[in-house]
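# Report on the structure
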Amino acid sequence: MLEYPFDLNKEKAAILAEGSFGALESKFAAAMLRYRSDRVVCVIDSMNAGRTAQEAIGVGGSAPVVANLEEALQFRPTLLAIGIAPPGGSLPESWRSVVLSALRHGLHAMSGLHQLLALDPEFAEAAKKSGARIWDLRRPPENLPVGRGRALRLNAKRVLTVGSDCRVGKMVAALEMNSAAAQREWKPAFCATGQIGIMLSGAGIAVDAVVADFISGAAEQILLERFEAVQPDWLFVEGQGSLTHPSYSGVTLGLLHGAAPNAMVLCHQPSRRFLARFDLPIPPLNELVRLYETAAGWLAPAPVAAVALNTFDLSDEEARAAVEDAERQTGLPASDPIRFGADKLLDALQETLP
């Protein structure tokens, strides 16, 4: 089990999103503002300085956007959160001086990048001198096992979110279903498999940073540890990537077999037609349902029970039409869990897994 260097519940965060503050461009920042706005004192982005986070990206309430670290320090943060997790996961070179200055001021640093800040000699030295700590969310634990189908033995219903593409709302769907299930007193637990989920829940492993042979074993370990800690009846597992995406299919398949779900929820952004960074069309939803059910069935049968849509860039009328279209294509219940709530998805899961 990983030991984390600090408790986010006790910190006040300034989010660094310079030049990249947007719903998709800074997914880490957006998630933190949506789900942990109580811990955010400001956002650093000179392009939106003077606005609130809500005005800039539609979430985050009155958290102010400031131009630089010097202005951010006026809000007395104790933590600098790196607000992006871009493809490749490198720290933008122009951000280096900001991170270094924050560490020298004694601010902890939290990063979901593949580039591990704690292994950077200059950052490590600055943190040591000021007493700051660095939390690299994507740093996996040592001595992970290979997958052995251990999740199949858990006495809990396992629900995995799967996607038509990357960045379509798999984590959000899992979080929203977990929250709605708690309101129904289903005794759920959220299983974080990515850096943002770990930040929000304080537990988990970023499976996309794990050596390929151990991805399914890491997924098993996440579920086993959450089951032991919470003793839930339902485990909502955050999905990663897409089975049809040439860049991320490996981690998707490893997670699918490690989590060994009883059921899946397919996540999709209706306005997106092509896979991210590829000139390849996203397959029809009914074909994706078949592909995921086939791949899951190589270990144990698992139906796709419902479709979760991400309609953030559509009007209400367009969103409702997209929901109807998804239901028509798949014959499954569909909803946008943010716009319309997750109850329809939970009803489908309850019917699939009574």
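For every chain, the first residue of the written sequence is number 1, and numbering continues from 1 onward in sequence order. The model is predicted, so local features are restricted to residues of pLDDT at least 70 and side-chain atom pairs to those at 80 or more, both for listing and for counting; the totals for chains, interfaces and linings are taken over all residues. Neither water nor hydrogens contribute to the side-chain values; these are computed over all heavy atoms in the structure.

### Here we look at the pairing of strand 4 (residues 79-82)
Cut-off, in case you're wondering: Only protein chains enter the accessibility calculation, which uses a 1.4 Å probe; a residue is then buried when its area is under 20% of its type maximum, exposed when over 50%, and partly exposed in between. Every helix listed is a DSSP run of H or I at least four residues long, and every strand listed is a run of E at least two residues long, numbered separately from the N terminus. Only when DSSP finds a minimum of two bridges between them are two strands counted as paired.
Of the two faces of strand 4, the one carrying L79 and A81 and the one carrying L80 and I82 are both buried. Pairing of strand 1 (residues 13-16) with strand 4 involves four bridges; the strand directions are parallel. By the bridge assignment for strand 4, A13 is matched with L79. The pairing of strand 4 with strand 5 (residues 108-111) spans three bridges and is parallel.

### Quick word on the packing of aromatic side chains
Aromatic ring pairs are reported here in terms of the distance separating the ring centres and the angle at which the planes meet. The following threshold applies: Note on aromatic pairs: the rings of Phe, Tyr and Trp (six-membered ring only in Trp) are paired at centre separations within 6.5 Å, and the planes decide the class, stacked below 30 degrees, edge-to-face beyond 60, tilted for the rest.
Scanning all chains against the criterion turns up three aromatic pairs. Ring geometry for F6 and W135: centres 5.3 Å apart, planes at 90°, overall edge-to-face. Linking F6 in the segment before strand 1 with W135 in strand 6 (residues 134-136), this pair joins segments that are 129 residues apart in sequence. Each of the two residues, F6 as well as W135, counts as buried. Between W186 and W234, the ring centres sit 4.7 Å apart and the planes meet at 20°, which makes this aromatic pair stacked. A residue pair is termed long-range when its members are at least 10 positions apart, and W186 in the loop between helix 6 (170-183) and strand 8 (188-191) and W234 in strand 9 (residues 234-237) qualify at 48 residues.

### A few points about the pattern of salt bridges
Spelled out, the test is: A pairing counts as a salt bridge when a side-chain nitrogen of Lys or Arg comes within 4 Å of a carboxyl oxygen of Asp or Glu.
Inspection of every chain in the model, using the stated rule, returns twelve salt bridges. Here D343 makes a salt bridge to R184, at a shortest N to O gap of 3.3 Å. On the criterion of sequence distance, the pair formed by D343 in helix 12 (residues 343-352) and R184 in the loop between helix 6 and strand 8 is long-range, its members being 159 residues apart. The exposure class assigned to R184 is partly exposed, which follows from its relative accessible area of 26%. As a salt-bridge pair, R184 and D347 come within 2.9 Å of each other at their nearest N and O atoms. In this pair, R184 sits in the loop between helix 6 and strand 8 while D347 sits in helix 12, placing the two residues 163 residues apart along the sequence. Via salt bridges that share partners, R96, D120 and E122 belong to a single interconnected network.

### Details of the sheet that holds strand 12 (residues 334-335)
Spatially, 8-9-7-10-11-12 is the arrangement adopted by the six strands of the open sheet, whose pairing is parallel. Strand pairing shows two members of the sheet lacking a second neighbour, strand 8 and strand 12, which therefore form its edges. Bridging between strand 11 (residues 304-309) and strand 12 involves two bridges; their strand directions are parallel. The partner of A308 across the bridge, within strand 12, is S335.

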